[in-house]
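# Inside the fold
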Amino acid sequence: MADHPETTSSTATRVLGIASLASIAVLVIYAFAVTGPDVRLGETVRIMYVHVPTVSIAYLFMLANAVCSVMFLVKRSSFFDVAAGASGEIGVVLLGLTLVTGMLWGRPTWGAYWVWDARLTTTALLFLMYVGYLTMRTLPGNPNVRAVRSAVVGIVSAALIYPVHMSVEWWSSLHQGRTVFGRATKAAIAGDQETALYIGFLAFLLVASWLAVHRFRVGWLADRAAGVEIDAAVAARRAEHEPAVSSLGQVKP
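What you see is a predicted model, and the numbers here were worked out from it, not measured in a lab. (Residues numbered from 1 in each chain as written. Predicted model: local features only at pLDDT ≥ 70, side-chain atom pairs only at ≥ 80, totals over all residues. Heavy atoms only, no water.)

## What about the pattern of salt bridges?
- Inspection of every chain in the model, using the stated rule, returns three salt bridges.
- Here aspartate 81 makes a salt bridge to arginine 137, at a shortest N to O gap of 3.0 Å. Placement of aspartate 81 in helix H3 (residues 78-110) and of arginine 137 in helix H4 (residues 118-137) is noted, with a sequence separation of 56 residues between them.
- Owing to a relative accessible area of 23%, arginine 137 belongs among the partly exposed residues under this scheme. (Salt bridge = Lys/Arg side-chain N within 4 Å of Asp/Glu carboxyl O. Helix = DSSP H or I, 4+ residues; strand = E, 2+ residues; numbered from the N terminus. Buried < 20%, exposed > 50% of the residue type's maximum accessible area, 1.4 Å probe, protein only.)

Right under this line is the structure:
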């Protein structure tokens, strides 16, 4: 059943997986074979086709984490707790990839892999906040208490997304302004470069969704397995304290 998956695979996930791999292949071909070097950025512009989509999709999944966290606090449903964990993990992976590609872009552009720039610093802080969120989800203790605390951390962490996104405009920053979805009607890039960027958005959205579905199902199955183990342990504990009844119906001391 859809609410109680017995495996992480299905026809829908297989189709989504094929679409994900195909879109990544198209992105690679388009980024390296169709588009040329940028007039100002040169060959490093190709990093942007990964860097910009990954951070945007990371924001999306972190917001999904916050929404699921709120829903868990309201409904107290394990479905939303598992969904929050899955979206949070995917968001962290994508944001980590954003930091790596940003450093690879920064070395030839700024002469250093890392500078304490407003955008870089706030992004690193956001990454560490969500690493803390994922760490909290693994701490031993009461599962319900852990889930509530994790939900609160997820919501607080999501509040940092907007300052990170606006950091280039709010503070003095070496980082370039928004490439797309800015205030201007026309994007900062055009032609094949813009097409490659939008292919990147689609590709990483498909990949992230594919991974999130599988991660959710793994988490759901793990929760069910843990529930069965707890029920068995409780039953065994109760059996230890129940008096044994003899075949004659008498209670043994």
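## Comments concerning the packing of helix H2 (residues 45-75) against helix H6 (residues 161-170)
- Running from amino to carboxyl end, H2 crosses H6 at an angle of 155°, the nearest separation of the two axes being 11 Å. For the element pair H2 / H6, the angle class is roughly antiparallel. Every residue of H6 that contacts H2 at Tyr59, Met62 and Leu63 is listed here: Ile161, Val164 and His165.
- Class assignment for the residues of the contact of H2 with H6 results in five nonpolar, one polar and no charged. (Axes fitted to C-alpha atoms, helices over the stretch in contact; angles between N-to-C directions. Parallel < 35°, antiparallel > 145°, perpendicular 65-115°, else oblique. Contact = heavy atoms within 4.5 Å. Nonpolar A, V, L, I, M, F, W, Y, C, P; charged D, E, K, R; others polar.)

## Examining the packing of aromatic side chains
- Counting across every chain of the model gives ten aromatic pairs.
- Relative to tryptophan 110, the ring of tryptophan 105 has its centre 5.4 Å away and its plane inclined at 85°; by these criteria the two rings are edge-to-face.
- Classification of tryptophan 110 as partly exposed rests on a relative accessible area of 24%.
- A ring pair is formed by phenylalanine 216 and tryptophan 220, whose centres lie 6.0 Å apart and whose planes are at 25°; its orientation type is stacked. Of this pair, phenylalanine 216 and tryptophan 220 both sit in helix H7 (residues 191-241), four residues apart, roughly one helical turn.
- You can call phenylalanine 216 buried: its relative accessible area is 15%.
- Relative accessible area serves as the criterion here: at 11%, tryptophan 220 is assigned to the buried category.
- Grouping aromatic residues by their ring pairs yields a cluster made of Phe79, Phe80, Phe216 and Trp220. (Phe/Tyr/Trp six-rings, centres within 6.5 Å; stacked < 30°, edge-to-face > 60°.)

## Considerations on H3
- Along its 33 residues, H3 runs 46 Å from first to last C-alpha, staying within 8% of the 48 Å computed at 1.5 Å per residue.
- Just past H3, the residue glycine 111 takes up positive phi, approximately 85°. (Expected span 1.5 Å × (residues − 1).)

## Let's talk about unusual backbone geometry
- A positive phi angle is found at arginine 76, which is not glycine, with a value near 55°.
- Looking at the secondary structure, you find arginine 76 in the loop between H2 and H3.

## Describing helix H1 (residues 11-34)
- For H1, with 24 residues, the first-to-last C-alpha span of 33 Å sits near the 34 Å given by 1.5 Å per residue.
- Those residues of H1 that fall on the buried side of the exposure criterion are Thr13, Gly17, Ser20, Ser23, Leu27, Tyr30 and Ala31.

## Comments concerning a nonpolar patch on the surface
- A cluster of nonpolar side chains, contributed by Val100, Leu104 and Tyr113, occupies part of the molecular surface with about 290 Å² of accessible area.
- Inspection of the secondary structure puts leucine 104 in helix H3.
- On the basis of relative accessible area, leucine 104 is assigned to the partly exposed category, the value being 46%. (Patch = residues over 30% accessible without salt bridge, like charges linked within 9 Å, V, L, I, M, F, W, Y side chains within 5 Å. Areas by Shrake-Rupley, 256 points an atom, 1.4 Å probe, with all protein chains shown as cover.)

## Digging into the environment of arginine 76
- The class of arginine 76 is exposed, set by a relative accessible area of 53%.
- The sequence separation of arginine 76 and alanine 147 amounts to 71 residues, and the corresponding C-alpha distance is 9.1 Å.
- If near-sequence neighbours (up to four positions away) are discounted, arginine 76 is found in contact with Met71 and Val148.
- Engagement of the side chain of arginine 76 in a polar contact is seen with the backbone oxygen of leucine 73, the distance being 3.2 Å. (Polar contact = N/O pair within 3.5 Å; in protein donor to acceptor, adjacent residues only side chain to side chain.)

## Observations concerning the nonpolar core
- Counting residues in hydrophobic clusters, the biggest one holds 41 residues, and the most contacted among them are Tyr49, Leu94, Leu126, Tyr130 and Ile161.
- Broken down by secondary-structure element, the contributors of at least two residues to this core are H1, H2, H3, H4, H6 and H7.
- Element by element, the count of residues in this core is highest for H2, at twelve residues.
- Beyond its immediate chain neighbours, meaning those up to four positions away, leucine 126 contacts Tyr59, Met62, Leu95, Ser157, Leu160, Ile161 and Val164. (Core = buried A, V, L, I, M, F, W, Y, C linked by side-chain atoms within 4.5 Å.)

## Brief notes about the confidence of the model for the protein chain
- Scored by pLDDT, the protein chain comes out at a mean of 84, with 79% of its residues at no less than 70.
- Taken as a whole, residues 183-187 scores under 50 in pLDDT and shows six contacts with residues more than four places along the chain or in a different chain.
- In the predicted structure, residues 244-248 sits below a pLDDT of 50 and forms five contacts with residues beyond four places in sequence or in another chain. (pLDDT = per-residue confidence, 0-100.)

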